[in-house]
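Listed below, chain by chain, are the residues.
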Amino acid sequence: MDRFQCASCGENFYFDLELEGMTAEVGEKMALACPHCEHAWSYYRPEEEAGESTLH
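Because the structure is a prediction, the values reported are computed rather than measured.

### Some details on the packing of aromatic side chains
In this structure the tally under the stated criterion is three aromatic pairs. Their ring planes at 75° and their centres at 6.3 Å tell us that Phe4 and Phe15 sit as a pair that is edge-to-face. Of this pair, Phe4 sits in strand S1 (residues 2-6) while Phe15 sits in strand S2 (residues 12-15), placing them eleven residues apart in sequence. Its relative accessible area of 0% is what places Phe4 among the buried residues. Note on Phe4 and Tyr44: the rings are 5.4 Å apart at their centroids and 40° apart in plane angle, and the pair reads as tilted. Here Phe4 is found in strand S1, whereas its partner Tyr44 is found in strand S4 (residues 42-44), with 40 residues between them in sequence. Geometry around Trp41 places Lys29 over its ring, the cationic atom sitting 5.3 Å from the centre.

### Observations concerning the environment of Val26
With respect to the secondary-structure elements, Val26 resides in the loop between S2 and strand S3 (29-30). Residue class for Val26 comes out exposed when judged on its relative accessible area of 68%. Taking the C-alpha atoms as reference, Val26 lies 5.7 Å from Tyr44; in sequence the two are 18 residues apart. Not counting residues within four places of it along the chain, the set of residues in contact with Val26 comprises Tyr44 and Pro46.

Reading the values: rules and limits
- Residues numbered from 1 in each chain as written.
- Predicted model: local features only at pLDDT ≥ 70, side-chain atom pairs only at ≥ 80, totals over all residues.
- Heavy atoms only, no water.
- Phe/Tyr/Trp six-rings, centres within 6.5 Å; stacked < 30°, edge-to-face > 60°.
- Helix = DSSP H or I, 4+ residues; strand = E, 2+ residues; numbered from the N terminus.
- Buried < 20%, exposed > 50% of the residue type's maximum accessible area, 1.4 Å probe, protein only.
- Lys NZ or Arg CZ within 6 Å of the ring centre and 35° of its normal.
- Contact = heavy atoms within 4.5 Å.

Right, dumping it as structure tokens:
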């Protein structure tokens, strides 16, 4: 599953790009509706690679 962030409300949701035959670049804006607020655009926000951390 691939993680997306709504361009309007900022909530995260998941969608399987591979299952739908789609690809995306990190941060790419896509026409995927948010299941939280139904806004029509979202950004591709893949999970961090294993071993990476934002905690310092």
